[in-house]
Amino acid sequence: MQGCFEILHKDLAGRIGRLHTPHGIVETPALMPVVNPHVLLLSPQELADLGAEMIITNSYIIHQDPVLRDTALERGVHGLLNFDGPVMTDSGAFQLSVYGSVDIEPLEILKFQQKIRSDVSVPLDIPTAPDAPREQAERELAETERRLREAVDHRSESLLLAGPVQGGIYPDLRESSARRLRDLGFDLYPIGAVVPLMESYRFRELVDVVVASKTGLGPGVPVHLFGAGHPMVFALAAALGCDLFDSAAYALYARDGRYLTPRGTYRLSEMKYLPCSCDVCRKHTPESLNEDPKRVELLARHNLAVSFQEIRAVRQSIHEGSLWEHLERRCRSHPRMYQAFKHLSRYVEYFERLDRVSKSTLFYLSTESARRPEVLRYRKRICRLELRGRVLVTDRRPAEEDRSKYDHILGFLPPFGPYPLGLEEMYPLNAELPDEMDENAMKEALDTLRLLIRENPDAEFHFEIRCLEGHRDAVL
C-alpha cells in the first residue's frame, strides 16, 4: 500500500500531512495513545473525544494472552479494542529491549499482526541501546535488516508495513540503514531505540539520530519517532521531520501522580494550582484531584488533553510558518532542550533544503535566530547579485545626492546583511527585530557582506553602516 502519504504544508523539516490507512486518513503530526490491551485506562471513545485519530497497541502482549489472542483473531484488533480508527501494532521490540528476549519468531509475530488486520504492522526489530559499542550496533543492525527484508517478502498488499530504522547513536549507521530501507519500499519508517535518550534528557544526541535517519530516508516518507510521548518534545521532533508520535506517558505518569505540561512535568502532590483549562483541571484543585478515587483516570485524561493541545499548536505553527518561534519557546523549558536547540545550527543546511521559501514574518527572539535557515538561504540568493561600479552599503535612508554618486545602493540589515532597497518589505527582510542586534546577528550579516564583495571583484564598495558602532572587531 505504498504512496499513502501526502504533504500539505511545510516549515523547517516539519510538515502537515495526510497518512492514508485502511481505516481512514490521519492528519500529521499526530499522537497515537498507547493502549494496553489488558487494562483500558481510558475507553476508546474517550481517546477519540480527546483527539486521538489513531492508536497503537502491542501485538506481542495480545499474542501471548490466549483470551486476547483468540478475540483478536476472531474480531480483529479493532474489534478487540473497540476502536474504529486506524490501529498500529508494535511487535514486542520493547519487551526485547527490557527482558533481552521474546518467546516468538519475527515472521510469526508479523503474520499475526496481519491476521488481526493491524493498519500498520511493525516487524520485530532489535533495539540497540544508546551506550552499546559500535560492533554490537552493527551486528544488531544487520540482524534487524535481515528481518525487515524477510518482512517485505511477506507483506500484505492491503495493509501498511513499517520499517524501523536502527543503528544506535551512530549517525552513519542510521543514515546508511535508512537509505537501504527506503529502497525496500516500506509505508512508514519508525526511528527506534530512542526512548533511553529522551528519558536521560540526551536531546542533543536525539537530534543527531533523527537528522541522520531523515537524511537517509529522504523528505517524502512518513516517519514515526518511537516513544516520543511527552508534549515538551513534540515541537522539536516535528521540526526535525517526524510525523507520528506515541504516548504511554499519559498513563504511566498518571499512575505515578505526575502532571504533564508542554514545559515539563510536575508532581500533583506538590502543586498549588492547576495551570491547564481542560475539563479535568477546570473542575478540580490539586488537592481534590489528588484525593479523587478516580485520580489516575482523571490525571491520564488531563495528560492526554494537554498532549493533543500541543499537537494542535505544532500543527498551527507549521501552517502559519512559525515553527521556529514555537520551537524556541518550548526548548527554553529545560537546559538540555535548549542545548539541543542550539545544536540545530549544525544542521542549518539540512533545514534550509526542506524549509519553505516564503512565510509571513520572521520574529528574531534570541541570538539563535541569527542561524535560522532563512539567513542561510538569503545569503545564497543575494550573492547571485551582479554588481559593477561604485556600490554604497548603508543602514540609513540614502540622500538624493547619493543616488547620483553611486551605481548601486544597498541597505544593510542584520542578520541578513546587504539587500536591494526594493526588497525591504519582502520576506524575510520584513522581520520583527530588536532595536539592538547581538553579535551573532552582526557576524552573519558581515559574513554575507564579505561574500558579496568577493563575488563582485569589479565593484568598488563604500560603507556607511551606523549599526556597526560598538562592534569595532567586525572588520571587513
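In this text, all values refer to a predicted model and were calculated from it rather than measured experimentally. Sequence positions are assigned chain by chain, starting from 1 and proceeding in written order. For a predicted model such as this one, the threshold for reporting local features is a pLDDT of at least 70, and the threshold for listing and counting side-chain atom pairs is 80 or more; totals across whole chains, interfaces and linings nevertheless cover every residue. Excluding hydrogens and water, the side-chain figures rest on all heavy atoms present in the structure.

Undergrad: Just checking my understanding: could you explain the sheet that holds strand β17 (residues 459-464) for this structure?
TA: Either a parallel or an antiparallel arrangement is found when strands of a sheet pair, and the pairing is made through backbone hydrogen bonds. One bridge is not enough; two strands pair if DSSP finds at least two bridges between them. Here a strand is any run of E in DSSP of at least two residues, a helix any run of H or I of at least four, and the numbering for each starts at the N terminus. If you walk across this open sheet you meet the four strands as β16-β15-β14-β17, and the pairing is mixed. Strands at the two margins of the open sheet, each flanked by one partner only, are β16 (417-420) and β17. Sheet twist, expressed as the mean angle between neighbouring strand axes with direction ignored, is 30°. The pairing of strand β15 (residues 408-413) with β16 spans four bridges and is antiparallel. Within β16, the position partnered with glycine 411 by the bridge is tyrosine 419. Packing against the sheet, helix α20 (residues 439-455) makes contact with β14 (389-394), β15, β16 and β17, and its axis sits at approximately 60° to β16. Angular values range over 0 to 180 degrees, each being the angle between N-to-C directions of two axes fitted as lines to C-alpha atoms, with helices fitted over their stretch in contact. It only takes one pair of heavy atoms within 4.5 Å for two residues to be counted as in contact.

Undergrad: Please clarify how the UniProt feature "binding site: Zn(2+)" (unreviewed entry) in the protein should be interpreted in this entry.
TA: UniProt positions are given in the numbering used here, feature names are shortened, and annotations may be inferred rather than shown by experiment. UniProt's entry tags Cys276, Cys278 and Cys281 with the feature "binding site: Zn(2+)" (unreviewed entry), counted in the numbering of this structure. Accessibility expressed as a relative area gives 16% for cysteine 276, which makes it buried. Those residues in contact with cysteine 276 that lie beyond four places of it in its chain are Tyr259, Cys281 and His302. In this fold, cysteine 278 is placed in the loop between β13 (264-267) and α12 (279-282). The contact partners of cysteine 278, leaving out residues within four places of it in the chain, are His302 and Ala305. Any residue under 20% of the maximum accessible area for its type is buried, any over 50% is exposed, and the rest in between are partly exposed; the area is computed with a 1.4 Å probe on protein chains only.

Undergrad: Before we go on, may I ask you to explain the UniProt feature "binding site: substrate" (unreviewed entry) in the protein in this structure?
TA: Using the residue numbers shown here, the UniProt feature "binding site: substrate" (unreviewed entry) corresponds to Asp125 and Ala193. Taken along the chain, the residues just named run across 69 residues; in space they keep tight, none of their C-alpha pairs more than 10.0 Å apart. Tracing the backbone shows aspartate 125 in the loop between β7 (120-121) and α6 (134-153). Accessibility expressed as a relative area gives 4% for aspartate 125, which makes it buried. Here aspartate 125 is in contact with Ser91, Ala93, Leu96, Thr144, Arg147, Pro164 and Gln166, once residues within four sequence places are set aside. Along the polypeptide, alanine 193 turns up in the loop between β9 (189-191) and α8 (195-199). When neighbours within four sequence positions are excluded, alanine 193 is seen to be in contact with Pro127, Thr128, Pro130, Gln166 and Arg174.

Undergrad: Help me understand the packing of aromatic side chains in this model?
TA: Aromatic ring pairs are reported here in terms of the distance separating the ring centres and the angle at which the planes meet. Between the rings of Phe, Tyr and Trp (Trp by its six-membered ring), a pair exists once the centres lie within 6.5 Å; its type follows the angle of the planes, with under 30 degrees stacked, over 60 edge-to-face, and the other angles tilted. Inspection of the entire model under this criterion finds eight aromatic pairs. With a centroid separation of 6.0 Å and 80° between ring planes, the pair formed by phenylalanine 186 and tyrosine 189 is classed as edge-to-face. Accessibility classification places phenylalanine 186 together with tyrosine 189 in one group, the buried group. Between tyrosine 201 and phenylalanine 203 the ring centres are 5.5 Å apart and the planes differ by 85°, which places this aromatic pair in the edge-to-face class. Residue phenylalanine 203 is classed as buried on the basis of its relative accessible area, which comes to 2%. Ring pairs connect the aromatic residues Trp324, Tyr338 and Phe341, which therefore count as one cluster. Two limits define a charge over a ring: the Lys NZ or Arg CZ must be within 6 Å of the ring centre, and within 35 degrees of the ring normal. The ring of tyrosine 253 carries the charged tip of arginine 258 above its face, separated from the ring centre by 3.9 Å.

Undergrad: Is there a simple way to think about the side chain of arginine 155 in this case?
TA: Note on placement: arginine 155 falls in the loop between α6 and β8 (160-161). Judged by its relative accessible area of 17%, arginine 155 falls in the buried class. Here glycine 185 takes part through its backbone oxygen, which lies 2.9 Å from a polar atom of the side chain of arginine 155. As used in this structure description, the phrase polar contact means that two N or O atoms lie within 3.5 Å; if the pair is within protein, one of them must be able to donate a hydrogen and the other to accept it, and residues adjacent in sequence are counted only when both atoms belong to side chains. At a separation of 2.7 Å, a polar atom in the side chain of arginine 155 contacts the side chain of aspartate 187.

Undergrad: Before we go on, may I ask you to explain the environment of methionine 198 in this structure?
TA: If you trace the backbone, methionine 198 turns up in helix α8. Using a relative accessible area of 11% as the deciding quantity, one classes methionine 198 as buried. Sequence separation of methionine 198 and leucine 376 is 178 residues, and the distance between their C-alpha atoms is 30 Å. With sequence-adjacent residues up to four places away left out, methionine 198 is seen in contact with Phe203, Leu206, Phe226, Gly227 and Ala228.

Undergrad: Looking at this model, I keep getting lost on unusual backbone geometry. Mind explaining?
TA: Residues threonine 28 and proline 29 are joined by a peptide bond in cis, for which omega reads 0°. With omega at 5°, the peptide bond leading from proline 414 into proline 415 counts as cis. At leucine 12, a position not held by glycine, the phi torsion is positive, near 55°. With respect to the helices and strands, the residue leucine 12 is situated in the loop between β1 (5-11) and β2 (14-21). Residue leucine 12 is classed as buried on the basis of its relative accessible area of 2%. Despite not being glycine, asparagine 82 has its phi angle at roughly 55°, a positive value. With respect to the helices, strands and loops of the structure, asparagine 82 is situated in the loop between α3 (66-81) and β6 (87-90). Judged by relative accessible area, which is 58%, asparagine 82 ranks as exposed.

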